[in-house]
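Each chain, letter by letter, is given below.
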Amino acid sequence: MGSDYALVHVKYTIPPAVLLTLLYRPLWSKLDTYRVGFLVFIAVTATIPWDSYLIRTGIWSYPSHVIVGLTLFDIPFEEVFFFVIQTYNTSLLYLLLSKPTYQPTYLRAATPSSPAPWKYQKWGGQVVISAIIAYGWYCVKANVTGTYTGLILVWAGPVLLGLWTLAYQFILGLPLSNTALPIWLPTIYLWIIDTLALRRGTWVISSGTKHGIHLWDGLEIEEALFFLATNTLIVFGLVAFDNALAILHTFPSLFPDPAPQLPSPVILMQALFASPKKYDEARLEGLREAVRRLKRKSRSFYLASSTFQGLLRTDLLLLYSFCRVADDLVDNATTAQEAKEWIAHLNKFLDLAYRGPRSRPALIKLVHEQFPADTRSALVQLPTDKLSRQPLQDLLLGFDMDLAFDTAAPPIANEDDLKLYSERVAGTVAQMCIELIFRTYHSSLSKEEQRAVENAGNLMGVALQYVNIARDIAVDAKIGRVYLPTTWLSEAGLTQEQVLKEPAGPRIESIRNRLLDNAFKLYNGSKHSIEQLPSEAAGPIRVAVESYMEIGRTLRQEGYVVKAGRATVPKWRRLLVAWQTLNQTSKSRCGP
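All figures in this text were calculated on a predicted structure; none of them were measured in a lab. (Residues numbered from 1 in each chain as written. Predicted model: local features only at pLDDT ≥ 70, side-chain atom pairs only at ≥ 80, totals over all residues. Heavy atoms only, no water.)

Enquirer: Pulling in residues and values, what's your account of the overall build of the protein chain?
Expert: Tallying secondary structure elements over the protein chain gives 23 helices and six strands in all. Of all 592 residues assigned to the protein chain, the portion counted as buried reaches 54%. Long-range contacts, defined here as pairs at least 24 residues apart, represent 76% of the contacts in the protein chain between residues at least 6 apart. Accessible surface for the protein chain amounts to roughly 26,700 Å². Of this, 61% is attributable to carbon and sulfur atoms. (Helix = DSSP H or I, 4+ residues; strand = E, 2+ residues; numbered from the N terminus. Buried < 20%, exposed > 50% of the residue type's maximum accessible area, 1.4 Å probe, protein only. Contact = heavy atoms within 4.5 Å. Areas by Shrake-Rupley, 256 points an atom, 1.4 Å probe, with all protein chains shown as cover.)

Rendered as structure tokens:
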């Protein structure tokens, strides 16, 4: 019994599948299973009738000595497996390459100045694809050497036309790493495989139905077209799927209950058919600003944010954007009085935000009258309907403590003050992140158990703030602040004035290490609570924590010298930490 075709899979298609699976396994979710499974099902069911027709009409054939003999509608088993493995490999490559991209920011709303965004590009694409379909139909009807080409075009063209019509915004707008790269990498790889197979006679194209043109020696132009078309179909299908998800998770006014974590095909189609005129442009702009802030202000948390999914990722971005804007308003004030006024405005904002929908007009008025234009979206888009007020109020109290640096009495006199400050400016943020997680995903924990996890999150936030302070001793000294407890300085024979003048040296390093010791003690005491979070969020939260704690580990390395006032972790190392963390989390959930 022959097996040449099976060997093609053993040598060339299964190894990439194994590698891609290992790489993506830590990131794998139920939604990915649904997405890839759905696409594989569509690919197989759509390709079988077409492929069966080509074999039965002699367009191509498989010598009996190169296949195992099992067939489905005259299609060799190995060929059916090819439909599955190609779709799987290209899908995983797309998922890996698109993971860092926050895709909702690439949606385009209809505005008075642009009532039909990218209308002409949409029409142009439709005209080109329609012309390709028409040419394919001509080739089929002519029944000449272009028959195989025509059958490819009339089979793939209508599907491509539909996907383009529904998802042209994403297809045009997403980075090339999300669209062109996952198409061309597997296409070129499959061209090489196909060249080897055609030379070996693993499959044969009938001479009367092909042009006889070769892309290169051994690769028929029809085969090159086939793999380009099929990989384009796969990626366009995934892009359309993600376009629908982005709409579902971005516009709660259009889809107030996107709660199905695995939305049905009907809901996905409803999302794709939603008119851009109904998109909330203010919300989109708020999300774009949030992404820009996160990229600019925190590389570690930007990396971690890519591991969150859907609505939770959106809410976390909006929360971070608000916290960042509020902090900058106070920090960038030119006088203590101005900073106090900003805190008062923020308190008034919270008063209105938590009074309910009826106070919304007053809130919008306050934001537009009292806050700078580049901060308004961060305030208006804060998901207060999913957050308790107290952590936000405590955050503002932390800002009040910052103002005390301009007074004679330092706000952090001892270790208790340090912990209180860190709880207010960082523990509250971690606590709110966990609150959003429990509001997004179902949990079997009771309310009391959830609160216990939130409290542990607060302590983890304190640990991260300790690392932040340990890293930025010199940076903070430049703006006249010392976040190290006065009692610690006294024990080391230092004063605040000395630290401000010279924030380095053996005694500073000793205090830095003491602070890091406390950070890792809190980290080790609270990290177990992460495993009590819903599975969809436990891994990403651990990435966020470990990415930041890696800064602490870097600072503790023997002989490490803080450069330019702060420690940095190379991007490759942050990526490695993220992958290792997610891999360990997935293994622990799968069991030994």
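Enquirer: Before we move on, could you go through a nonpolar patch on the surface and cite the residues and values that matter?
Expert: Together, W184, I188, I192, L196, L215 and W216 give the surface a local cluster of nonpolar side chains, amounting to about 520 Å² of exposed area. For the nonpolar patch, the secondary-structure elements that each account for two or more residues are α6 (180-200) and β5 (214-216). A per-element tally of the nonpolar patch places α6 first, with four residues. One can find W184 in helix α6. (Patch = residues over 30% accessible without salt bridge, like charges linked within 9 Å, V, L, I, M, F, W, Y side chains within 5 Å. Salt bridge = Lys/Arg side-chain N within 4 Å of Asp/Glu carboxyl O.)

Enquirer: Summarise unusual backbone geometry; cite the residues concerned and give the values.
Expert: Keep in mind that most residues, glycine aside, have a negative phi and that most peptide bonds are trans. A positive phi is found at F73, a non-glycine position, where the angle reads about 50°. Despite not being glycine, D74 shows a phi value in the positive range, around 75°. Within the element layout of this structure, D74 appears in the loop between β2 (71-72) and β3 (75-76).

Enquirer: So what about the pattern of salt bridges? Which residues, and what values?
Expert: According to the stated counting rule, one finds 21 salt bridges in the structure shown. Between E546 and R553 there is a salt bridge whose closest N-O contact spans 2.8 Å. Assessed through its relative accessible area of 9%, E546 is described here as buried. A relative accessible area of 28% means that R553 is categorised as partly exposed. Several salt bridges share partner residues, and in doing so they unite E281, E285, R288 and R292 into one network.

Enquirer: Requested: an account of helix α4 (residues 119-142), with residues and values cited.
Expert: The first and last C-alpha atoms of α4 sit 35 Å apart over 24 residues, in line with the 34 Å expected at 1.5 Å per residue. Next to the buried residues of α4 lie α5 (147-173). One or two residues past the end of α4 sits N143, with phi positive at roughly 55°. (Expected span 1.5 Å × (residues − 1).)

Enquirer: Go over α5 with me, naming the residues and quoting the values.
Expert: Of all the bends found along α5, the most pronounced is centred on A167 and spans about 85°. Burial analysis of α5 places 19 of its 27 residues in the buried class, which makes it a mostly covered element. (Bend = angle between axes of the 7 residues up to and from the residue.)

Enquirer: I'd like a rundown of the packing of aromatic side chains, residues and numbers included.
Expert: Overall, the coordinates contain 17 aromatic pairs when judged by the stated rule. Between F322 and F349, the aromatic rings sit 5.9 Å apart at their centres with planes inclined by 25°, giving stacked as the arrangement. With F322 in helix α11 (residues 310-331) and F349 in helix α12 (residues 336-353), this pair connects stretches of sequence that are 27 residues apart. This pair shows no difference in class: F322 is buried, exactly as F349 is. These aromatic residues form a ring-pair network of at least three members: Y5, W50, F82, W155, F226 and F227. (Phe/Tyr/Trp six-rings, centres within 6.5 Å; stacked < 30°, edge-to-face > 60°.)

Enquirer: I'd like a rundown of the nonpolar core, residues and numbers included.
Expert: F349 and L533 are the most contacted members of the largest nonpolar core, which totals 83 residues. The greatest single-element share of this core, amounting to ten residues, is contributed by helix α16 (residues 415-440). Residue contacts for F349: discarding those within four places in its chain leaves F322, L363, L366, V367, L379 and L382. In terms of nonpolar packing, the next biggest core, distinct from the first, is built from 77 residues, F83, A109, A229 and A246 among them. (Core = buried A, V, L, I, M, F, W, Y, C linked by side-chain atoms within 4.5 Å.)

Enquirer: Go over the side chain of R512, please, and point to the residues and values.
Expert: In this structure, R512 sits in helix α21 (residues 506-526). Residue R512 is classed as buried on the basis of its relative accessible area, which comes to 4%. At 2.3 Å, the side chain of R512 forms a polar contact with the backbone oxygen of A470. (Polar contact = N/O pair within 3.5 Å; in protein donor to acceptor, adjacent residues only side chain to side chain.)

Enquirer: Can you lay out the packing of helix α2 (residues 30-56) against helix α3 (residues 77-98) for me, pointing to particular residues and giving the numbers?
Expert: Running from N to C, α2 and α3 cross one another at 145°; their axes reach a closest spacing of 9 Å. As α2 packs across α3, the resulting crossing turns out to be right-handed. From α2, D32, R35, V36, L39, V40, A43, V44, T47, I48 and D51 reach across to α3, where they touch E79, F83, V84, T87, Y88, S91, L92 and L95. Taken together, the residues of the contact of α2 with α3 sort by class into eleven nonpolar, three polar and four charged. (Axes fitted to C-alpha atoms, helices over the stretch in contact; angles between N-to-C directions. Left-handed = near helix turned anticlockwise from the far one by under 90°. Nonpolar A, V, L, I, M, F, W, Y, C, P; charged D, E, K, R; others polar.)

Enquirer: Outline the packing of helix α7 (residues 221-250) against helix α8 (residues 265-273), listing residues and values.
Expert: Put simply, α7 and α8 touch, their axes get as near as 8 Å, and they point 80° apart. Relative to α8, α7 is oriented roughly perpendicular. Taking contact as the criterion, the partners of A240, F241, N243, A244, L245, I247 and L248 in α7 are, on α8, I267, L268, A271 and L272. Split by residue class, the contact of α7 with α8 holds ten nonpolar, one polar and no charged. (Parallel < 35°, antiparallel > 145°, perpendicular 65-115°, else oblique.)

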